Amino acid sequence: MKVSLEWLRELVDLDQSAEDLAETLTRGGIEVEDVENLNKGFEKVVIGEIVSLIKHPDADRLWVCTVNVGQEVVVIVTGAQNLLVGDRVPVALVGSTLPNELSIRKSKLRGVVSQGMLCSREELLLDVTVGLERSADGILILLPDAPVGENFGKYLGREDSVLDLELYPNRPDCLAMVNVAREVASLTRKIPHLPKWTEQNQVLTLPTAADLQIIIEEPELCWRYAGLVVEDVHIAPSPEWMQRRLKASGVRPISNIVDITNYCMLEMGQPLHAFDRDKINGDIHVRAAYPGEKIVTLDGVERTLQTDTLLIADDAQPLAVAGVMGGLDSEVTKDTKRLMIESAHFSGVSVRRTSRRLGLRSEASNRFEKGIDAYGIVATLGRVCDLLLDLGAGRPVALVDVVKNLPPQRQVSLSASHTSTVLGAELETAEIRQVLDDLNFAYTEQEGLFKVSIPTYRADIEIEEDLMEEVARLIGYDRIPTTLPQGDLTQGRRTPEQEFRRRLRKALAQAGMDEVITYTFTRAEADAQWGSAKHSIPLLNPLREELGVMRTSLVPGLLDVSARNVARRNTDVSIFEIGNTYWGEEQPLQKLPREELRVAGVAVGKSGRHWLNQPVNYDFYYLKGILEEVALEFGLKLEYRLAENQGLLHPGRSADIYLQNQCIGFLGEMHPSLEKEWELERVVLFELEFNPLFERMRQTVRAHSIPRFPAIQRDIAIVVASETAAEAVMSKMRKLGGELLQQVEIFDVYRGKPIPDDHKSLAFALRYQSLERTLTDEEVNLLNSRILEGIQQEFGAERRK
């Protein structure tokens, strides 16, 4: 919101400079982002009169001008060819710096000393509306009555400063000059001089239009709609004072009618729109757009509207997009003789949605989006009537006002003692009374309890704490004492879960994997593959289509990262992520989704080159080795069983991971049929639930002494059916071997002659050892025989010789 200081001084008594006022407003909670001096660059630019023009003796295209600048006569050399004796022109004196940052100094041109510069529009950053038509060819030529010697900025009405307010959504009232004046008056305890239409008891007395009806078909989107009928319209330029204020506020002057509506919007905060009354067929309808309906807006663009777009229409066609932009067919032109001026309350959500969809943002839509005062709609039309009559622009003859809904008047209680407690400052009741008087809030008081009637333009005040904030703003935040928080200080430390996550991250990084962080959103199809479509949560407003659901698996995000790296010739990828997945229990959500922390990893390619070691292919055993290291780090005993989801993972290179007979995840190579979808080759991956790992990790480290007695190793080779899992055989061996069997390792798997086609050969190394004595061959042989007999009975195995 740009606030002209000259305009503001008309509305409230002010004796502060622009900079001091900006400091006062900022301290009072209305942040001033910038203070602009409109006269900057014009301080040493004056109006001069050309006394004589003489050809330069040493240059064909230069003129030596004698210029009267009021206090003196100066000589200036110029190359402009559009000058005549007697012209009034802007003269930049020596030492000035122009708006385009050009510095002026005394100079000598071909032997003639030049004591300044005659200025063009471009050098002064002025538009074509300033000066005579001859100005387009060079120097800016002013009207003949321009006062010689007067400061050019003063002549243009630029002796003004503009405060640029950074307003937040809670203070839409300050999008009106009258409310900014109220704010300044409250903070400085000055008297405001506001238009009479800001008073609640003012009533606009005009007859009801007999030939115009307003029909609100969408009462939820339009609470109130008023139309002012104006006759004897005279289209002309608006007066200079109004144009000056509009320009200072960042609004381009157009004509008296349009400028009056814009001026009242800036002053009262209520957007207005003027229709040519003779172009309205029948009644005014406030309705939703029909399917496929189109309108040509004032910018000349034909726009196709959606059915949730609110329109102003007559009986035959749409006239305007409500709160956003008018239609070209009902535009006010120089031939307009009758008007219907609209003042309405539209839904901020509807206007925001429509303006964003159409790409149309304006001062009016900005005010509707933030919220306007439904009680001030007709009052603003009263102000319009005054200006129309004052400027001779038209004669108001009728008014139509249709009200569907008005918010109730609010009354908020404020306790003096509670206010002191909350603010932490001792406040007298008289101080709070003074604040309410400064705000011009009506109230009643009884034993330190105030019943405050909130003005309708202050929509931000709803509860007692809002009034406390007003008290704090007006008494000054520096009145609130600085205090340190009290309480016992404890040493900060990580929770056990945080510490486990940190150690897990470190273990995976030390194994050579890189941590990544991906979006918590992913594609619905990919999430349904790797997670759970039943529990997937769709987003109402996704960032883009491929991020349409909240993830139930980390894998799709890691695959996206891998595919993006491989596509950019970074073909060796080994990454992991520790993050939340989100599980909805019903659709639509009635409560927050369940969050499950998981750890997942993906590897493609091979390890980097090293002078000592050969590169290692990233395969099933690479990731299995990393998981085994992690399990060893935390004292976990992981079991690997045949993977159940054969559609996602390679049937012979995958496994489900169990911890204490609970499936906590999977490990394996992606199924070849899916690799094409992701444009990857030989992808290995894993995903594990975090909580089972954390809950079952070893809390303490147990130390074991180095065995004093030697170990004995025996090898067993057996032939079993092809579908028999080696892990099942190893598990049976550990159970039969008891405490003396310290380790079982598989070191060979063989298929081929002389082994039958539907069988395979498994070779195991069994390590026996006792911590108390040296084992004999007889003991080990007996155990070995018992193990062999057990697996023969369990799996139908035969010993291979």
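Bear in mind the structure is a predicted one, so any value in this text is a computation, not a measurement. Residue positions are counted from 1 within each chain, in the order its sequence is given. Restriction of local features to residues with pLDDT of at least 70 applies here, the model being predicted, together with a cutoff of 80 or more for giving and counting side-chain atom pairs; totals for whole chains, interfaces and linings are based on all residues. Only hydrogens and water are set aside when side-chain values are computed; all heavy atoms of the structure are taken into account.

Asker: Which residues make up the packing of helix 14 (residues 496-510) against helix 17 (residues 620-634), and what are the values?
Answerer: At a closest axis distance of 10 Å, the pairing of helix 14 and helix 17 adopts a crossing angle of 140°. As the angle between them shows, helix 14 and helix 17 are arranged oblique. As helix 14 runs across helix 17, the sense of the crossing is right-handed. On helix 17, the residues that touch Phe500, Arg503, Leu504, Ala507 and Leu508 of helix 14 are Ile626, Val630, Glu633 and Phe634. Gly is placed with the polar residues, together with every amino acid not listed as nonpolar (Ala, Val, Leu, Ile, Met, Phe, Trp, Tyr, Cys and Pro) or charged (Asp, Glu, Lys and Arg). Taken together, the residues of the contact of helix 14 with helix 17 break down into seven nonpolar, no polar and two charged. Lines fitted to the C-alpha atoms define the axes, with helices restricted to the stretch that makes contact. Angles between their N-to-C directions range from 0 to 180 degrees. Put simply, DSSP H or I for four residues or longer makes a helix, DSSP E for two residues or longer makes a strand, and each gets a number counted from the N terminus. An angle counts as roughly parallel when it lies under 35 degrees, as roughly antiparallel when it exceeds 145, as roughly perpendicular when it falls between 65 and 115, and as oblique in every other case. Helix crossings get a hand from a simple test, with the near helix turned counterclockwise from the far one by less than a right angle marking a left-handed crossing and a clockwise turn marking a right-handed one. When checking whether two residues touch, look at their non-hydrogen atoms; a contact exists if any pair is within 4.5 Å.

Asker: Which residues make up the environment of Thr522, and what values go with them?
Answerer: Relative to the assigned elements, Thr522 resides in strand 26 (residues 521-522). Accessible area is worked out with a 1.4 Å probe on protein chains only. A residue is then buried under 20% of its type maximum, exposed over 50%, and partly exposed in between. For Thr522, a relative accessible area of 5% puts it in the buried group. Through-space distance from the C-alpha of Thr522 to that of Thr205 is 61 Å; in sequence the pair is 317 residues apart. Contact partners of Thr522, with chain neighbours within four places excluded, come to Asp527, Glu546, Leu547, Gly548, Val549, Arg551 and Pro556.

Asker: I'd love a proper account of the packing of helix 20 (residues 726-737) against helix 21 (residues 777-795), names of residues and values included.
Answerer: Their axes nearest at 9 Å, the elements helix 20 and helix 21 cross at an angle of 135°. One finds that helix 20 runs oblique with respect to helix 21. Pair helix 20 / helix 21 crosses with right-handed handedness. For the pair formed by helix 20 and helix 21, the contact residues are Ala728, Val729, Lys732, Met733, Leu736 and Gly737 on the first element and Leu783, Arg786, Ile787, Gly790, Ile791, Glu794 and Phe795 on the second.

Asker: Got a sec to walk through the pairing of strand 4 (residues 63-68)? Specific residues and values, please.
Answerer: Where strand 3 (residues 45-55) and strand 4 come together, six bridges link them in antiparallel fashion. The residue of strand 4 that forms the bridge with Ser52 is Thr66. The pairing of strand 4 with strand 5 (residues 73-78) spans six bridges and is antiparallel. Each bridged residue has a counterpart across the sheet, and for Val64 the counterpart in strand 5 is Val77. Two strands pair under a simple rule: DSSP has to find at least two bridges between them. Two successive antiparallel strands, strand 4 and strand 5, enclose a turn made up of four residues, where Gly70 displays a positive phi of approximately 100°.

Asker: Run through the nonpolar core, naming residues and quoting values.
Answerer: Here, the term nonpolar core denotes a set of buried Ala, Val, Leu, Ile, Met, Phe, Trp, Tyr and Cys residues that are joined through side-chain atoms within 4.5 Å. Within the largest apolar cluster, 58 residues are counted, with the highest numbers of intra-cluster contacts made by Leu8, Leu163, Leu165 and Ile341. A per-element tally of this core places helix 10 (residues 377-391) first, with eight residues. Domain extents, as shown, originate in an automatic or database domain assignment. Both domains that meet at this core, namely domain 1 (2-38 + 160-194) and domain 3 (214-403), each give it at least three residues. Apart from the residues lying within four places of it in its own chain, the contact partners of Leu163 are Met1, Lys2, Val3, Ala18, Leu21, Ala22, Leu25, Val32, Asp34 and Val35.

Asker: Let's hear about a negative patch on the surface: which residues, and what values?
Answerer: Like-charged residues are merged into a patch within 9 Å and nonpolar side chains (Val, Leu, Ile, Met, Phe, Trp, Tyr) within 5 Å, provided each residue has over 30% relative accessible area and no salt bridge. Under the convention used here, a 1.4 Å probe and the Shrake-Rupley method define accessible areas, while residue burial counts only the protein chains that appear. Salt bridges are identified by distance alone: a Lys or Arg side-chain nitrogen within 4 Å of an Asp or Glu carboxyl oxygen. A positive count includes Lys and Arg, and a negative count includes Asp and Glu. His and the chain ends are not counted in either. A charge is said to be at NZ when it belongs to Lys, at CZ for Arg, at CG for Asp and at CD for Glu. The grouping of Glu31, Glu33, Asp34 and Glu36 at the surface amounts to a negative patch. By the element assignment, Asp34 lies in strand 2 (residues 31-37). Here Asp34 falls in the partly exposed class, since its relative accessible area comes to 42%.

Asker: Can you tell me about the domain arrangement of the protein, naming the residues and giving the values?
Answerer: Taken domain by domain, the protein holds domain 1 (2-38 + 160-194), domain 2 (45-155), domain 3 (214-403), domain 4 (411-479), domain 5 (496-696) and domain 6 (712-799). The C-alpha centroid of domain 5 is placed 57 Å from the C-alpha centroid of domain 1.

Asker: Give me the pairing of strand 20 (residues 339-346): which residues, what numbers.
Answerer: Extensive coverage of strand 20 is indicated by the burial of eight of its eight residues. Note that strand 12 (residues 222-231) and strand 20 share eight bridges and pair antiparallel. Within strand 20, the residue paired with Arg224 across the bridge is His345. Across five bridges, strand 13 (residues 272-276) lies against strand 20 in antiparallel orientation. Within the sheet, the bridge partner assigned to Phe275 lies in strand 20 and is Met340.

Asker: Hey, could you go over the sheet that holds strand 6 (residues 88-93) for me, with residue numbers and the actual values?
Answerer: Here five strands make up an open sheet; going across it, the order is 5-4-3-6-9 and the pairing antiparallel. In this open sheet, the two strands that pair with only one neighbour each are strand 5 and strand 9 (116-118). Across the sheet, the mean angle separating the axes of adjacent strands is 45° when strand polarity is ignored.

Asker: Please set out helix 11 (residues 416-423) residue by residue, giving values where relevant.
Answerer: All of the buried residues in helix 11 are Ala416, Thr419, Ser420 and Leu423. Buried residues in helix 11, looked at end-on, bunch into an arc of 100°, giving them a common side. Every exposed residue of helix 11 that faces more than 90 degrees away from the buried side is listed here: Ser417 and Thr421. Here the buried face of helix 11 lies against strand 22 (410-415), helix 12 (429-439), strand 24 (449-454) and helix 13 (464-475). Just beyond helix 11, the residue with positive phi is Gly424, at close to 75°. Note that the arc is defined by the directions from the helix axis to the C-beta atoms.

Asker: Report on the sheet that holds strand 26, specifying residues and quantitative values.
Answerer: Within a sheet, adjacent strands bond to each other through the backbone by hydrogen bonds, running parallel or antiparallel. Taken in spatial order, the three strands of this open sheet run 26-28-27, and their pairing is antiparallel. Each edge of the open sheet carries a strand with a single partner, namely strand 26 and strand 27 (537-538). Bridge analysis of strand 27 against strand 28 (residues 549-550) gives two bridges, and the strand direction is antiparallel. Residue pairing in the sheet places Ile537 in a bridge with Met550 of strand 28.

Asker: Run through unusual backbone geometry, naming residues and quoting values.
Answerer: A cis amide bond links Gln587 with the next residue in sequence, Pro588, at an omega value of -5°. Within the secondary structure layout, Pro588 lies in the loop between strand 29 (573-583) and strand 30 (594-604). Of note, the amide linkage connecting Lys753 to Pro754 takes the cis form, showing an omega dihedral of 5°. The phi dihedral of Arg110 falls on the positive side, at around 50°, and the residue is not glycine. Along the chain, the position of Arg110 falls in the loop between strand 7 (107-109) and strand 8 (112-114). Classification of Arg110 by relative accessible area gives exposed; the value is 53%.

Asker: So, the packing of aromatic side chains: which residues are in play, and what are the values?
Answerer: Think of it this way: a Phe, Tyr or Trp ring, Trp meaning its six-membered ring, pairs with another when their centres are within 6.5 Å, and the plane angle makes it stacked under 30 degrees, edge-to-face over 60, tilted otherwise. Counted by the stated rule, this structure contains 14 aromatic pairs. Relative to Tyr622, the ring of Tyr618 lies with its centre 4.4 Å away and its plane at 35°, an arrangement referred to as tilted. In this pair, the class of Tyr618 matches that of Tyr622, namely buried. Through a chain of ring-to-ring contacts, the aromatic side chains of Phe500, Phe634, Phe690 and Phe694 assemble into a single cluster. Only when the NZ atom of a Lys or the CZ atom of an Arg is both within 6 Å of the ring centre and within 35 degrees of the ring normal do we say a charge sits over the ring. When the ring centre of Tyr640 is taken as origin, the NZ or CZ atom of Lys624, which lies over that ring, is 4.7 Å away.

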